[in-house]
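Working through the structure, step by step
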Amino acid sequence: MAKTTTASKEGTAIRTKREIIKLLKQEGAIDALQLAKLLGLTGMAVRQHLYNLQEEQLVAFEEEARPMGRPAKMWRLTPEANRLFPDGHADLLVSMIESMREAFEEEGLEKMLEIRNRKQILQYLSKAPSVLPLKEQLEALAHARTAEGYMAEVIDNVDGSYSFVEKHCPICEAAKVCSGFCSKELEMIQQVLGEDVDVERKAHMLTNSNRCIYSIKPKDSIVL
């Protein structure tokens, strides 16, 4: 019974967060009391959801002066929240890949992926340079990938290795029609981190996992 109640509460919280995100998309900047009125909830409950969404970098606020009392927090969606809404770019990208394959065959498509991969490596090295300690470099890379919609995080494992986890893939539809995207992603992470690190993909969204997980092991340390 306790497990059922907990699951029910979690489900309600998720639905409420979705409604808040939908309202912010529709209404623009709005304060917690207005949201509470629209949702039929208490202001305290809505604020708690907003702070949770803020931790997920999906919402942010700006203070707005009021004639009386303290300034109001006007909540709005962040650019990161755009990934939660339908995006026609996925269909466009898939169509472009299929057209490129038809026009230039697999060789031309592979060349395009190689060029994209080189540019990504340079871009990530500028944000997560190899001079950083491995943990810091991984965190910087996770930050950069999260900004692109990958919802990345770094997990310290008890054996001294790291797990680089991506909970969302903004190019998933493209990867379904062109597996080269995924092989290049693995190659890109390896080249960004350097030859002193072993990188292995342990879970993959395209093989029915709900996330991509990369095992990161420094070669110069003993992993138990």
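Further up the page is the structure itself.
Residues numbered from 1 in each chain as written. Predicted model: local features only at pLDDT ≥ 70, side-chain atom pairs only at ≥ 80, totals over all residues. Heavy atoms only, no water.

1. Brief notes about the sheet that holds strand E3 (residues 152-156)
With antiparallel pairing, the 4 strands of this open sheet are ordered in space as E3-E4-E6-E5. At either margin of the open sheet sits one strand with a lone partner, and together these are E3 and strand E5 (197-203). For this sheet the average axis-to-axis angle between neighbouring strands, irrespective of direction, equals 25 degrees. Sheet contacts for helix H7 (residues 180-193): strand E4 (162-166), E5 and strand E6 (212-218); angle to E5, the most-contacted strand, approximately 150 degrees. (Pairing = 2+ DSSP bridges. Helix = DSSP H or I, 4+ residues; strand = E, 2+ residues; numbered from the N terminus. Axes fitted to C-alpha atoms, helices over the stretch in contact; angles between N-to-C directions. Contact = heavy atoms within 4.5 Å.)

2. Description of the packing of helix H2 (residues 32-39) against helix H3 (residues 43-55)
Helix packing for two helices is described by the angle between their axes and how far apart those axes are. The contact between H2 and H3 brings their axes to 8 Å, and the two run at 110 degrees. Between H2 and H3, the angle is such that the two are roughly perpendicular. The way H2 lies across H3 gives a crossing that is right-handed. Judged by residue contacts, Ala32, Leu33, Leu35, Ala36 and Leu39 of H2 engage Gly43, Val46, Arg47 and Leu50 from H3. Partitioned by chemical class, the residues of the contact of H2 with H3 number 7 nonpolar, 1 polar and 1 charged. (Parallel < 35°, antiparallel > 145°, perpendicular 65-115°, else oblique. Left-handed = near helix turned anticlockwise from the far one by under 90°. Nonpolar A, V, L, I, M, F, W, Y, C, P; charged D, E, K, R; others polar.)

3. Regarding the pairing of E4
With 5 of 5 residues buried, E4 lies mostly within the body of the structure. Of the two faces of E4, the one holding Tyr162, Phe164 and Glu166 and the one holding Ser163 and Val165 are both buried throughout. Sheet topology note: the E3/E4 ladder contains 5 bridges and is antiparallel. If you follow isoleucine 155 over to E4, its bridge partner there is serine 163. (Buried < 20%, exposed > 50% of the residue type's maximum accessible area, 1.4 Å probe, protein only.)

4. A closer look at the nonpolar core
Formed by 35 residues in total, the largest nonpolar core has its most connected members in Leu138, Phe164, Phe181, Ile189, Leu193 and Ile216. Only helix H4 (89-127), helix H5 (134-147), E3, E4, helix H6 (172-177), H7, E5 and E6 provide two or more residues apiece to this core. Among residues more than four places away in sequence, those in contact with leucine 138 are Val154, Tyr162, Phe164, Leu193 and Ile216. Listed in part, the 16 residues of the second largest apolar core include Leu23, Val46, Leu58 and Leu77. (Core = buried A, V, L, I, M, F, W, Y, C linked by side-chain atoms within 4.5 Å.)

5. Some thoughts on H7
If you check H7, its first and last C-alpha atoms are 20 Å apart, about what 14 residues at 1.5 Å a residue would give, namely 20 Å. Within H7, the full set of buried residues consists of Gly180, Phe181, Cys182, Lys184, Glu185, Met188, Ile189, Val192 and Leu193. Just past H7, the residue glycine 194 takes up positive phi, approximately 100 degrees. (Expected span 1.5 Å × (residues − 1).)

6. A look at the side chain of glutamine 120
Position of glutamine 120 relative to the elements: it lies in helix H4. What makes glutamine 120 buried here is its relative accessible area of 8%. Not counting chain neighbours up to four residues away, the residues in contact with glutamine 120 comprise Arg145, Glu185 and Met188.

7. As for H2
Residues of H2 that are buried include every one of Ala32, Leu35 and Ala36, and no others. The arc enclosing the buried residues of H2, seen along the axis, measures out at 100 degrees, which places them on a common side. In H2, the exposed positions angled more than 90 degrees off the buried face are occupied by Leu33 and Lys37. Taking the backbone nitrogen of leucine 33 as reference, a side-chain oxygen 3.2 Å away marks aspartate 31 as the first, capping residue of H2. Following H2 by one or two positions, glycine 40 adopts a phi angle in the positive range, close to 70 degrees. (Arc of directions from axis to C-beta. Polar contact = N/O pair within 3.5 Å; in protein donor to acceptor, adjacent residues only side chain to side chain.)

8. A closer look at the pattern of salt bridges
What the rule picks out here adds up to 15 salt bridges. Salt-bridge contacts for arginine 66 lead to aspartate 31; the nearest nitrogen and oxygen are separated by 3.4 Å. Taken together, the positions of arginine 66 in the loop between strand E1 (59-64) and strand E2 (72-77) and aspartate 31 in the loop between helix H1 (2-27) and H2 put the pair 35 residues apart, joining distant regions of the chain. You can call arginine 66 partly exposed: its relative accessible area is 33%. The class for aspartate 31 is buried, based on a relative accessible area of 10%. Its salt-bridge partner being arginine 101, residue glutamate 106 comes within 2.6 Å of it at the nearest N-O pair. Residue glutamate 106 is classed as partly exposed on the basis of its relative accessible area of 47%. Via salt bridges that share partners, Arg116, Arg145, Glu166 and Glu185 belong to a single interconnected network. (Salt bridge = Lys/Arg side-chain N within 4 Å of Asp/Glu carboxyl O.)

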